[in-house]
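# Residue-level structural notes
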Amino acid sequence: MPDLLLEFFSEEIPARMQARAADDLKKMVTDRLVAAGLTYEGAKAFATPRRLALTVQGVPARQPDLKEERKGPKVGAPEQAIAGFLRAAGLTSIDQAKVQADKKGDFYVAITEKEGKPALDVLAAMIPEIVRAFPWPKSMRWGAQSASPGSLSWVRPLHAIVATFGPETEEPVVVPFDIDGIKGGDVTRGHRFLSPGDIQVRRFDDYVAKLESAKVVLDATRRMDIIRADAKNLAFAQGFELVEDEGLLAEVAGLVEWPVVLMGEFDKSFLSIPGEVIRSTIRANQKCFVLRDPQTAKLVNKFILVANIEASDGGKAIVAGNERVIRARLSDAKFFYETDLKTKLEDRLPKFAGIVFHEKLGSQAERIARITALAGQLAPLVKADAAKAERAAQLCKADLLTEVVGEFPDLQGLMGKYYAEAQGEDEAVAHACEDHYRPKGPDDLVPGDPVSIAVALADKIDTLVGFWAIDEKPTGSKDPYALRRAALGLIRIVIDNQLRLPLRRQLWRHFGSVERDEALAAAFALLHPLHDQIVNISATDIELAMKLEVLVSEKTRAASNPKLVQAHSYLKQTDDLLSFFADRLKVQLREQGARHDLVDAVFALEGQDDLLMVVRRVEALGKFLDTDDGKNLLAGVKRASNILRIEEKKDGKAYNGAVDAALLDAPEEKALAAAVATAKSEGDTAVAKEDFAAAMTAMAKLRPTVDAFFDKVTVNADDKAVRANRLTLLNEIREATRAVADFSKIEG
Amino acid sequence: MATSRAAQASDLDPTKSFQGLILALQQYWAAYGCVILQPYDMEVGAGTFHPATTLRALGPKPWNAAYVQPSRRPKDGRYGENPNRLQHYYQFQVILKPSPPDLQQLYLDSLKVIGIDSALHDIRFVEDDWESPTLGAWGLGWECWCDGMEVSQFTYFQQVAGVECAPVAGELTYGLERLAMYVQGVDRVYDLNFNGRDDDKKVTYGDVFLQAEREYSRHNFEHSDSDMLFKQFTMAEEACRKYLEAGYSADRSQHLMALPAYDQCIKASHVFNLLDARGVISVTERQSYILRVRELAKACGAAWLKTEAGGVAA
């Protein structure tokens, strides 16, 4: 069967767009082929700086013929109906239709046979469509034709299109089309400098071979392999090791058609600059690789560059030129670094007063003050030295004002650490300057030092609470302030370090800090102790805590201090933010393989703001439900809940009172009442000790009595009082198990 | 007394003298058919501001021009102490409308005439989307690298002064000092040989500009009169609007004063750059100043399209 070869030859395509464009081209062509009934055997796409290419093998030469039957009106139907049918079926006379019979009688059928078109025609119509609809991230117009509206656009000027089609055994033909003067053809060009002449190609095999001899390596993966291997060899030969950088490698492979790897050097004196600064300088500006000494792992004064030509002097001028540019860049970097060292981090702070963090959230100085206060508050909770946490929080953003970070924003934090070390700060403080940004992504490390933890939590809480306060929450795919990342970062810090953090209280308090209103801040301060009490109580008695909170809410209103009311009202936003955390945690746990329904079952309990406890409950619950006891108990609890739901709905009342021991009659019923009381008390004790496994074991003991109860006892007894008492008993089962989770949310 | 001698051809070798480099580029583009203009007689931040680029890029008429433009970047002054940062430097600007199909090759050939051989040097077109927020302009193209150094900007204008370019113009901007440093093998801009002489008649770039760099850095960072500049900004803005209004014919189908109005837009832009260098414009205000200049540029572009050179039949 025939093969298709396509190549779009243009001016230089941005490196970062090439891989995606190759994928898009393959998808657009193959999707359309399939839609046209042309199933193919295989396809592969390629990109270089100057071309996008695609080979599709095994395309049928023609579309299959299509036979269409269209049912028409009954024989003898009104003329209008017949006329409409003829029009729709494309017939000129009713004689062309066949008559068929079914139960209801004779009717007309139009049978049209659509002959499949040659694949060449399909391609000729398809390629211009693809060119005009190609999804470049940004495309442009060019040349004289750009004077007319609707002129062709492409990522950069498009010069030629190779489009050949034909079976292996025959001379392929050129797909005929004309897009704004660019016709389908079989001529391309080699390397811009090394082999600039025209090349006539037939099919994919000779295309690749001819390009190769015209100094073009078509496959980006091969270019990357060549660069990687040559760079490593060149480094190894001199006793060095390449600092690998896959992102840079991919970019460089997108900048050359014929990679030539060369080595250059710079003055040793530049090695006094931190290695990351050297690397960033050489990488960002020059797209070169750095090398290290395999023994010490320290950078050496060499770099690897990738040229696009085999130069007539063997590359001497190219190396010399690159060395000059790198020397100038490193001189700048060294100057920046040394200038930075002359100013202490704390001396930079006053400048933050004039720098806006966010229009509605005040200056960077205000933000730093908030983070500092919060880090101090959090320090005892994470076993950090409060003074160090505050010092670190105060200094941790100062490197944003340094020259090096101004030049290389990626080095924020890291430079802070270097500058803090250089001015003799405590090691924990210096590390916090870098680590408080962590984790920066799913693969990044989580800070483990208490001082870093305190500052990292404070930084993230301030960000989240701040943007919540001004109602800039993430929506859909939009999350411009990376709040999801901040929330997930906080969650990972808490879980990985097994921290106990009463989030609700911390978040609510911080709303008071973010609002820049002194009277409001005073109102928050008045409420602090009350809320602390409530939070303390909620650890053991959530109902009492809720009641207290309602009481506080009423009292603040009664106090007729609008600021108190306002401060209290922030609990609503706090809970909204908490549910955002819950969502992130769900995503996180799900990704780790936890069942989402178990997460829901735990979050359905009131007052779950201690992330570590949530995770522990989910873990214990998961293990429990893997046992037979767990599965059967779940079935029993669900049965109880279902009956209750139906009967409560029927009766229009909730059976949440106490069980009347005098009305217990059947032995299974009495046994269950006793077992529930025991399970509840053992469960509560275990939960209070945060021993969720023990709580589950206590629940498991319910299983035989629950099973026996459903076996022998009829809930809907004739005696109304007995029935009500039994329903109340079922409710007790549900309530007892709520000590660990809301079983009704669990599937299965 | 030193004996003088007649100028020799070697004095103007583009790899030996700064002026030789400029002359070689002018010759090359003159041979192509460009009109060789002289610098615009106002302070501008880049060669693009010259009306021969900004305004001539608009409208249907073909236009090929090349010129040197002194460019002022008050903030980039370094008191003459940095080897390659200057608050005043030269750009060589080429504008070809519509962009010819072989523009890349024309550019490469121009490098050859100034001594950069593509068999010996690694010349690369690296993605660079160009945007000028003050001119309401954008285009796609590359920064052109020679052995890892950016030596030119290459842009296909898509929009200028808020107007879609039809047809598209190609713009080349050569960084003259950088190119000269490269071909002369000099690491410090002030060491460039300006006139190509090696004897006592040799004049360096430093001889010509070092004092100016020091003086203007003092002026730009420490002494420029902010009160006056704030007033000048407002005055230029008002004058621009006044001239734009006065230039329209009664039925607004023609404009008769687009160029004088645009001068005031250029003036406002440069005054803003001076204020910015002086550090008297806050981050939030900065955006609004840029927006104000852009509004002027857009209004001037709209007016230009109503002039004869902008495509309106006289």
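Nothing here was measured: the structure is a model prediction, and the numbers come from that model.

This part covers the overall build of chain B. Helices and strands together make up the secondary structure of chain B, namely eight helices and nine strands. Its C-alpha radius of gyration of 20 Å places chain B within 12% of the 20 Å reference for a compact globule of 314 residues. Seen along its three principal axes, the alpha-carbon backbone of chain B occupies a region of about 65 × 50 × 40 Å. Every one of the 314 residues in chain B was classed for burial, and the buried ones make up 56%. Look at the contacts in chain B between residues 6 or more apart in sequence, and 67% of them connect residues 24 or more apart. Only carbon and sulfur atoms are counted for the fraction: they give 52% of the accessible area of chain B, which is about 13,000 Å². One finds the centroid of the 30 positive side-chain charges in chain B at a distance of 4 Å from the centroid of its 40 negative side-chain charges.

All names here are of chain A. Under the defined criterion, the tally for this structure stands at 69 salt bridges over all chains. Note that Lys183 is salt-bridged to Asp178, the shortest N-O span being 3.5 Å. Among the residues examined, Asp178 registers a relative accessible area of 44% and is labelled partly exposed. Taking the shortest distance from any N to any O, the salt bridge between Lys417 and Glu434 comes out at 3.3 Å. Separated by 17 residues along the polypeptide, Lys417 in helix H13 (residues 414-422) and Glu434 in helix H14 (residues 427-435) bring together distant segments of the chain. On the basis of relative accessible area, Lys417 is assigned to the buried category, the value being 14%. A relative accessible area of 15% means that Glu434 is categorised as buried.

Next up on the list: the sheet that holds strand E14 (residues 260-265) of chain A. Residues and elements named next belong to chain A. As summarised here, the arrangement of the four strands in space is E13-E15-E16-E14, forming an open sheet in which the pairing is antiparallel. Each of the sheet's edge strands pairs with one partner strand only, and the pair in question is strand E13 (241-242) and E14. As paired strands, E13 and strand E15 (residues 289-292) are joined by two bridges and run antiparallel to one another. Bridge pairing in E15 places Glu241 opposite Arg292.

A pair of packed helices is captured by two measures, namely the crossing angle of their axes and the spacing between those axes. Residues and elements named next belong to chain A. With their axes 9 Å apart at the nearest point, helix H24 (residues 667-688) and helix H26 (residues 703-712) run at an angle of 150 degrees to one another. Classified by the interaxial angle, the pair formed by H24 and H26 is roughly antiparallel. Between H24 and H26 lies a crossing whose hand is left-handed. Residues Glu668, Glu669, Ala671, Leu672 and Ala675 of H24 pack against Thr705, Val706, Ala708, Phe709 and Lys712 of H26. Of the residues belonging to the contact of H24 with H26, the class tally is six nonpolar, one polar and three charged.

With that out of the way, let us pick up the packing of aromatic side chains. Taken as a whole and assessed by the stated rule, the structure comprises 37 aromatic pairs over all chains. Ring centres of A:Phe134 and A:Trp154 lie 5.2 Å apart, and the angle between their planes is 45 degrees; on these two criteria the pair is classed as tilted. With A:Phe134 in the loop between helix H3 (119-133) and strand E7 (158-166) and A:Trp154 in the loop between H3 and E7, this pair connects stretches of sequence that are 20 residues apart. Here A:Trp154 falls in the buried class, since its relative accessible area comes to 1%. Put simply, the rings of B:Phe92, B:Tyr107, B:Phe125, B:Trp142, B:Phe154, B:Tyr156 and B:Tyr174 touch in pairs and so form one group of aromatic residues. Its guanidinium or amino end placed over the ring of A:Phe357, A:Arg367 lies 4.5 Å from that ring's centre, counting from NZ or CZ. The ring of B:Trp63 has B:Arg56 lying over it, and the distance from NZ or CZ to the ring centre is 4.2 Å.

Residue and element names in this part refer to chain A. Look at helix H15 (residues 450-469) against helix H20 (residues 562-591): their axes get within 11 Å of each other, and the N-to-C directions meet at 125 degrees. Here H20 runs oblique to H15, going by the angle between their axes. As H15 packs across H20, the resulting crossing turns out to be right-handed. Where H15 approaches H20, its residues Leu464, Val465, Trp468 and Ala469 are matched on the opposing element by Gln573, Asp576, Leu577, Phe580 and Phe581. In terms of residue class, the contact of H15 with H20 is built from seven nonpolar, one polar and one charged.

What follows is about the side chain of A:Arg492. All names here are of chain A. Take Arg492: it is sitting in helix H16 (residues 483-496). No salt bridge is formed by the buried Arg492; the nearest opposite charge belongs to Asp496, separated by 4.6 Å. Dropping the residues within four chain positions of it, Arg492 is found in contact with Pro439, Gly441, Pro442, Asp444, Val446, Asn497 and Gln588.

Accessible area lost on assembly of the parts is the figure often given for the size of an interface. Taken domain by domain, chain A consists of domain 1 (3-61 + 118-213), domain 2 (66-114), domain 3 (220-341) and domain 4 (611-745). Taking the mean C-alpha position of each, domain 1 of chain A and domain 4 of chain A sit 69 Å from one another.

What follows is about the side chain of A:Arg726. All names here are of chain A. Structurally, Arg726 can be placed in helix H27 (residues 720-737). Judged by its relative accessible area of 7%, Arg726 is buried. In this view, Arg726 contacts Asp665, Glu669, Val713, Thr714, Val715 and Ala717; residues no more than four positions away in its chain are not counted.

Quick look at the domain arrangement of chain B now. Residue and element names in this part refer to chain B. What the domain assignment lists for chain B is domain 1 (9-219) and domain 2 (225-304). Its C-alpha centre places domain 1 at a distance of 25 Å from the equivalent point of domain 2. Across the boundary between the two partners, domain 1 contributes 20 residues, which contact 20 residues of domain 2. For the interface between domain 1 and domain 2, the tally reads one salt bridge. For Lys75, the salt bridge goes to Asp276, with nearest N and O atoms at 3.4 Å. Summed over the shared surface of domain 1 and domain 2, the number is seven residue pairs in polar contact (both at pLDDT 80 or more). Grouping the amino acids of the side of domain 1 that touches domain 2 by side-chain chemistry returns 11 nonpolar, five polar and four charged.

The side chains of a regular strand alternate, residue by residue, between the two faces of the sheet. Residues and elements named next belong to chain A. Burial analysis of strand E16 (residues 299-307) places nine of its nine residues in the buried class, the great majority of the element. Along E16, one buried face is formed by Leu299, Asn301, Phe303, Leu305 and Ala307 and the opposite face, lined by Val300, Lys302, Ile304 and Val306, is buried too. Direction of pairing for E14 relative to E16: antiparallel, over a ladder of six bridges. Bridging across to E16, Gly264 finds its partner in Phe303.

Counting residues at the interface gives 39 residues for chain B and 42 residues for chain A. Both sides together, the interface formed by chain B and chain A hides about 3,300 Å², and carbon and sulfur atoms give 51% of it. At the boundary of chain B and chain A, one finds six salt bridges. A salt bridge links A:Lys138 to B:Asp129, with the nearest nitrogen and oxygen atoms 3.3 Å apart. Run the count over chain B and chain A and you get 21 residue pairs in polar contact (both at pLDDT 80 or more). Breaking the side of chain B that touches chain A down by element, the ones donating at least two residues are helix H3 (103-113), strand E4 (123-127), strand E6 (137-146), strand E7 (149-160) and helix H4 (176-184) of chain B. Looking at the side of chain B that touches chain A residue by residue, the classes come out as 21 nonpolar, 10 polar and eight charged.

Turning our eyes to something else, we now look at H27(A). Residues and elements named next belong to chain A. The end-to-end C-alpha distance of H27, which contains 18 residues, comes to 26 Å, matching closely the 26 Å that a straight helix rising 1.5 Å per residue would cover. Within the sequence span of H27, burial applies to Val722, Arg723, Asn725, Arg726, Leu727, Thr728, Leu729, Leu730, Asn731, Ile733, Ala736 and Thr737. Residues of H27 that are buried make contact with helix H23 (628-651), H24, helix H25 (692-700) and H26. One side-chain oxygen of the residue at the start of H27 lies 2.8 Å from the amide nitrogen of Ala721, identifying that residue as Asp719.

Scoring rules and cut-offs
Residues numbered from 1 in each chain as written. Chains lettered and ligands numbered in written order. Predicted model: local features only at pLDDT ≥ 70, side-chain atom pairs only at ≥ 80, totals over all residues. Heavy atoms only, no water. Helix = DSSP H or I, 4+ residues; strand = E, 2+ residues; numbered from the N terminus. Rg over C-alpha atoms; globule rule 2.2 N^0.38 Å. Buried < 20%, exposed > 50% of the residue type's maximum accessible area, 1.4 Å probe, protein only. Contact = heavy atoms within 4.5 Å. Areas by Shrake-Rupley, 256 points an atom, 1.4 Å probe, with all protein chains shown as cover. Lys, Arg positive; Asp, Glu negative; His and termini not counted. Charge placed at Lys NZ, Arg CZ, Asp CG, Glu CD. Salt bridge = Lys/Arg side-chain N within 4 Å of Asp/Glu carboxyl O. Pairing = 2+ DSSP bridges. Axes fitted to C-alpha atoms, helices over the stretch in contact; angles between N-to-C directions. Parallel < 35°, antiparallel > 145°, perpendicular 65-115°, else oblique. Left-handed = near helix turned anticlockwise from the far one by under 90°. Nonpolar A, V, L, I, M, F, W, Y, C, P; charged D, E, K, R; others polar. Phe/Tyr/Trp six-rings, centres within 6.5 Å; stacked < 30°, edge-to-face > 60°. Lys NZ or Arg CZ within 6 Å of the ring centre and 35° of its normal. Domains from an automatic or database assignment. Polar contact = N/O pair within 3.5 Å; in protein donor to acceptor, adjacent residues only side chain to side chain. Buried area = accessible area lost by both parts, 1.4 Å probe. Expected span 1.5 Å × (residues − 1).

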